[in-house]
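Reading the structure
For reference, the chains in residue letters:
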Amino acid sequence: MLKFDNRFLRTLPGDANPRNHARQVQGAFWSRVAPTSVAAPRLIAYSPEVAAALGLSDAQMHSSEMVNALSGNGMLPGMEPYATVYGGHQFGNWAGQLGDGRAIFLGEVIAPRLGGVEQRYELQLKGAGPTPYSRRADGRAVLRSSIREFLCSEAMHHLGVPTTRALSLVLTGDEVERDMFYDGNAAPEPGAIVCRTAPTFIRFGHFELPASRGEAALLKQLVDFTIANYFPHLAALPEAERVAAWFGEVCVSTAQLIAQWMRVGFVHGVMNTDNMSILGLTIDYGPYGWVDNFDPGWTPNTTDAGGKRYAFGRQPGVAQWNLARLGAALSTLDVSAEAMATALAKFESTYGTEIARVFSEKFGLYQWADAEGDLMDDAFMLMNDAEIDMTIFFRTLATASQVDEFAAAFYLPGQWTQSREKIAAWFARYTTLCTEQNPTPEQRAARIKRMNEANPKYVLRNYLAQQAIDAAHQGDTSKITELLDVMRYPYDEQPGREAFAQKRPDWARHKAGCSMLSCSS
Ligand code: AMP
Ligand code: MG
């Protein structure tokens, strides 16, 4: 039912050792490794769009062969399981060899053509058992983190943010031990496996590892493979220019990605270089979070609570730092330092342009200065100081006719009373600018439409995902599908589903999974 052509295996050197034990692997990019069987696999959710893109019908998704393949209990013809090796900078430090410790590739699918163009997707099981890159960990994933990855990758896609996708979510029937609070109290939790897809899962860390080991020929092979298959329009460039031109494109797509994260209020939480996609996709959903009250200093990751390296407002700077690490790795090849510096500078210029465009759409303004100052900066200041919900604030802004409509975006009633006058003053300036910029009724209607396309009503708030997780732990998996369905239309009003657009309730303010998350997943 699926046609495979596994180019990564076919083209790049692999590890000769067929055994599955933790080790350093040099001179290769992958090791063959089979998933470990699970006790009682049950498909509990899948993405209808991803299944359709792969050419899979509902009946095929539910077939026992497919459920076995999606849980690691069997292989479909053409599947060749393997794990890849990469390195990475974690929290600013070089961490050496990492690799797919709990991800196992099934292969690369040649999917039905779209508009006459061939589509290919790698399939990867997350949580299917140990690999040579598992180090001391178990290669498994718990249900809560699998629900979060499944829902968020699809939610991001429907928001228009580049991302890896999730085909399926399977309960394994096995238990997995996790110390969720890192307090010595490990407890068994239900295990699960997500099958995720992307044109490629190649990360910055795939290039960093051979560069760190002085394996220049190996690094060159991967660069050539990446350009030939994923950036074919650059393949004809003279050798001396090709690498820098390609690196420049990675800088541009990464800048575009981060501007999109900032638009929707997404915080990745672990922006290590091993979690950075070479295609500018959101990858590796772990302790990510969505800002509720607008706060550039907020990080969802408990491990990051001290340094806040990966806080919402720091994401652009960290992405640039990560790109500099990739650039340094590529500079071990025969490239011009000047061309690489020019390429890296594209991050800053692209991000600057993109973020201005994105927020211009979110605010519905063509320019944002008035006699009193910068209207956008002033709004950010107000939102930060008064703990205003980012998503509700922007969604309200499109059609608000008077200031009291913003009351619903406040978390603390006291702050609303205190800041009402300030908000009213800001809103009066805003309304004046909007009217100046949109004098005709047609322009006003177009502005509302534009804003509603940039400001989602529904995002995967941390507490919403947690409610679906809690229900699943009680045996009710229907909430996962329901939430997925809401997140498929984030910009639509969806009458009857307003509950999913509510700001974080009080009970969720300090609850684990709703405000802070650990990496232990
Ligand atoms: P992350 O920061 O979560 O993307 O993970 C960093 C590294 O740890 C990657 O190489 C993962 O494959 C590995 N890793 C994380 N969790 C596990 C696990 N449960 N078993 C094996 N490897 C893991
Ligand atoms: Mg990772």
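Everything in this summary refers to the structure shown in the same document. Because the structure is predicted, anything quoted here is derived from the model rather than measured. (Residues numbered from 1 in each chain as written. Chains lettered and ligands numbered in written order. Predicted model: local features only at pLDDT ≥ 70, side-chain atom pairs only at ≥ 80, totals over all residues. Heavy atoms only, no water.)

As for the overall build of the protein chain
For the protein chain, the count of helices and strands is 16 helices and 13 strands. Taking 24 Å as the expected radius of gyration for a compact globule of 521 residues, we find that the protein chain reaches 23 Å, a close match to that expectation. Principal axes of the C-alpha set define a box for the protein chain whose edges measure 70 × 60 × 50 Å. By the burial criterion, 58% of the 521 residues in the protein chain qualify as buried. Put simply, of all contacts in the protein chain between residues at least 6 apart along the chain, 72% involve residues at least 24 apart. Distance from the positive charge centre (48 side chains) to the negative charge centre (57 side chains) of the protein chain: 3 Å. (Helix = DSSP H or I, 4+ residues; strand = E, 2+ residues; numbered from the N terminus. Rg over C-alpha atoms; globule rule 2.2 N^0.38 Å. Buried < 20%, exposed > 50% of the residue type's maximum accessible area, 1.4 Å probe, protein only. Contact = heavy atoms within 4.5 Å. Lys, Arg positive; Asp, Glu negative; His and termini not counted. Charge placed at Lys NZ, Arg CZ, Asp CG, Glu CD.)

Re the site of ligand 1
Of all residues adjacent to ligand 1, which total 17 residues, the nearest are Gly99, Gly101, Arg135, Gly139 and Asn275. Within the contact set of ligand 1, an oxygen atom lies 3.0 Å away from a side-chain nitrogen or oxygen of Asn275. The protein chains hide 81% of the 480 Å² of surface that ligand 1 would expose on its own. For ligand 1, the cavity whose grid points lie within 2 Å of the majority of its atoms is the largest pocket. A per-class count over the shell around ligand 1 returns three nonpolar, six polar and eight charged. (Near = heavy atom within 4 Å. Polar contact = N/O pair within 3.5 Å; in protein donor to acceptor, adjacent residues only side chain to side chain. Areas by Shrake-Rupley, 256 points an atom, 1.4 Å probe, with all protein chains shown as cover. 1 Å grid on protein atoms, 1.4 Å probe; cavity = no way out; pocket = protein on both sides within 12 Å on 5 of 7 lines; lining within 4 Å. Sits in = over half its atoms within 2 Å of the grid points. Nonpolar A, V, L, I, M, F, W, Y, C, P; charged D, E, K, R; others polar.)

Points about the coordination of the magnesium ion (ligand 2)
Around the magnesium ion (ligand 2), the donor atoms from the protein are Asn275 (OD1) and Asp284 (OD), and they sit 1.9 to 2.1 Å away. Judged by its relative accessible area of 14%, Asp284 is buried. (Donors = N, O, S within 2.8 Å, 3.2 Å for Na, K, Ca; no water.)

Topic: the side chain of Ser31
Mapped onto the secondary structure, Ser31 falls in strand β1 (residues 30–32). Separated by 2.8 Å, the side chains of Ser31 and Asp15 make a polar contact. Contact partners of Ser31, with chain neighbours within four places excluded, come to Asp15, Arg23, Val25, Tyr82, Ala83, Pro132 and Tyr133.

A few points about the packing of aromatic side chains
Taken as a whole, this structure holds 31 aromatic pairs when the rule is applied. For the ring pair Phe347 and Tyr351, a centre distance of 5.9 Å and an interplane angle of 5° mean the geometry is stacked. In this pair, Phe347 and Tyr351 are both assigned in helix α10 (residues 337–363), four residues apart and thus about one turn of the helix distant. Classification of Phe347 by relative accessible area gives buried; the value is 2%. Relative accessible area serves as the criterion here: at 14%, Tyr351 is assigned to the buried category. A ring pair is formed by Phe393 and Phe394, whose centres lie 5.3 Å apart and whose planes are at 85°; its orientation type is edge-to-face. Residue Phe393 is classed as buried on the basis of its relative accessible area, which comes to 4%. (Phe/Tyr/Trp six-rings, centres within 6.5 Å; stacked < 30°, edge-to-face > 60°.)

What to know about the environment of Gly265
Note that Gly265 resides in the loop between α8 (239–264) and β10 (266–267). Each C-alpha atom of the pair Gly265 and Gly289 lies 8.5 Å from the other, and the pair is 24 residues apart in sequence. Not counting chain neighbours up to four residues away, the residues in contact with Gly265 comprise Gly289, Trp290, Val291, Phe312 and Met390.

What about the packing of helix α7 (residues 216–230) against α8?
Axis separation between α7 and α8 bottoms out at 11 Å; the angle between their running directions is 75°. Taken together, α7 and α8 sit at an angle that is classed as roughly perpendicular. Every residue of α8 that contacts α7 at Lys220, Val223, Asp224, Thr226 and Ile227 is listed here: Glu239, Arg242, Val243 and Trp246. Among the residues making up the contact of α7 with α8, the classes are represented as four nonpolar, one polar and four charged. (Axes fitted to C-alpha atoms, helices over the stretch in contact; angles between N-to-C directions. Parallel < 35°, antiparallel > 145°, perpendicular 65-115°, else oblique.)

Re empty space enclosed by the protein
Applying the stated criterion across every chain yields a total of three cavities of 30 Å³ or more. Considered as a void within the structure, the largest cavity measures approximately 40 Å³ in volume. Every residue along the wall of the largest cavity is listed here: Arg263, Val264, Lys362, Met390, Thr391, Phe394, Asn455 and Pro456. Every element with two or more residues in the lining of the largest cavity is listed here: α8 and α12 (390–397). Element by element, the count of residues in the lining of the largest cavity is highest for α12, at three residues. Along the lines of polarity and charge, the residues of the lining of the largest cavity split into four nonpolar, two polar and two charged. (Points joined across faces, edges and corners; volume = space filled by probe spheres on them.)

Some points on the pairing of strand β5 (residues 93–97)
The side chains of a regular strand alternate, residue by residue, between the two faces of the sheet. Note: strand β4 (residues 87–90) against β5, three bridges, orientation antiparallel. Among the inter-strand pairings, His89 is bridged to a residue of β5, identified as Trp94. Here β4 folds back onto β5 in antiparallel fashion, the turn holding two residues, of which Phe91 has a positive phi close to 50°. (Pairing = 2+ DSSP bridges.)

Note that all results are geometric; they support no functional claim without further evidence.
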